[in-house]
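Overview (structure and organization)
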Amino acid sequence: MALASRLLSRSTRQLCAGQVVLRPEHAVPVRSFAKEAAAPTALKGDQVLKDIFYEVKNKLETAIGVLRKEKITIDPEDPAAVSEYAKVMKSVRQKANLMSESQIIKFNIEIDTHEIPDARSYLLKLKETRVKRGLIDVQGIEDLQMAALDKVEKEIKKPLMRNDKKGIALLTAEFDKINQKLGISKEDLPKYEEHLELKIAKAQLEELKKEALEAMETQKKREEFKDEEMPSVKSLDIRNFI
């Protein structure tokens, strides 16, 4: 049971935890409840919590149901195993109606930046979000964007505000030049998202492997297992522990 708990903590629990409260459909009633607390038709706070609890419960059960059927090979060094794990997690998200990593990042950005009035603070917040998520700006895009912003602000002779349509159009044109120079196009966005999901899948498999090895080492210290040879992590079938 200890091994099962450790394995699940890096699969369904990690996938489900925290996502429900981030979903847009929950944002509206919560804000509405805060603004209209005295209204008799407002949704009570305890009912909101109950709804969230049951939604998390249903999503977790759905996710576990998928994992009971799908074979996962805990081998982060095998590209085929990483790809298959990513497909399984995608299936879990689709059937449990969970957001992907890209969707979570996009939603968090919208929440964190909707009250930011100027373009510079907005770009700095994007950088902060990237660093928090552990994403690396390998192409130096952020520096290029800041240079483009400096150019536009020098041209308009004032800080660029996000409601300045003409100024934003100038900045967007500069960003398009950057994308063209780096060979980035909107049509390639699904490819970038898939690449991100594979990186996440590899990282999660590495965590699964670490947890499984720690669990087996703990088990091996028990007297009845000290002479027993531990199996290879990639030979484990998570379905046997669910």
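Keep in mind that what you see is a predicted model, and the values were worked out from it rather than measured.

A few points about the side chain of Thr113
Topologically, Thr113 is positioned in helix 6 (residues 101-113). Residues in contact with Thr113, not counting those within four places in the same chain, are Tyr122, Lys125 and Arg162.

Comments concerning the pattern of salt bridges
Using the criterion set out here, one finds 13 salt bridges in the structure. Note that Arg93 and Glu197 form a salt bridge whose closest N and O atoms lie 3.7 Å from each other. Linking Arg93 in helix 5 (residues 79-96) with Glu197 in helix 10 (residues 189-220), this pair joins segments that are 104 residues apart in sequence. On the basis of relative accessibility, which here comes to 13%, the residue Glu197 falls in the buried class. The shortest N-O distance in the salt bridge between Lys125 and Glu128 comes to 3.3 Å. Linking Lys125 with Glu128, this pair stays in helix 7 (residues 119-132), spanning three residues, or about one helical turn. Judged by its relative accessible area of 22%, Lys125 falls in the partly exposed class. Exposure remark for Glu128: the relative accessible area of 35% places this residue in the partly exposed category. Each of the salt bridges in this network shares a partner with another, and the network as a whole consists of Glu77, Lys202 and Glu206.

Let's talk about helix 5
Here helix 5 spans 25 Å end to end across 18 residues, near enough to the 26 Å set by a 1.5 Å rise per residue. You can read the cap of helix 5 off the contacts: a side-chain oxygen lies 3.1 Å from the backbone nitrogen of Ala80, and it is on Asp78.

As for the UniProt feature "coiled-coil region" (unreviewed entry) in the chain
UniProt's feature table lists "coiled-coil region" (unreviewed entry) at residues 191-228, given in the numbering used throughout. Across residues 191-228 one finds 79% helix and 0% strand; the C-alpha atoms that close the span lie 45 Å apart.

Digging into unusual backbone geometry
Backbone geometry at Asn97 places phi at a positive 55 degrees, although glycine is not the residue there. Turning to its location among the elements, Asn97 is positioned in the loop between helix 5 and helix 6. Look at Lys157: it is not a glycine, yet its phi comes out positive at around 60 degrees. One can find Lys157 in the loop between helix 8 (141-156) and helix 9 (165-182).

Some points on the environment of Thr62
Inspection of the secondary structure assignment puts Thr62 in helix 4 (residues 45-67). Thr62 gets classed as partly exposed once you look at its relative accessible area, which sits at 30%. Linking Thr62 and Ala96, residues 34 residues apart in sequence, is a C-alpha distance of 5.6 Å. Those residues within four positions of Thr62 in sequence are excluded, and the remaining contacts are Lys95 and Ala96.

The rules behind the values
- Residues numbered from 1 in each chain as written.
- Predicted model: local features only at pLDDT ≥ 70, side-chain atom pairs only at ≥ 80, totals over all residues.
- Heavy atoms only, no water.
- Helix = DSSP H or I, 4+ residues; strand = E, 2+ residues; numbered from the N terminus.
- Contact = heavy atoms within 4.5 Å.
- Salt bridge = Lys/Arg side-chain N within 4 Å of Asp/Glu carboxyl O.
- Buried < 20%, exposed > 50% of the residue type's maximum accessible area, 1.4 Å probe, protein only.
- Expected span 1.5 Å × (residues − 1).
- Polar contact = N/O pair within 3.5 Å; in protein donor to acceptor, adjacent residues only side chain to side chain.
- UniProt positions renumbered as here; feature names shortened; annotations may be inferred.

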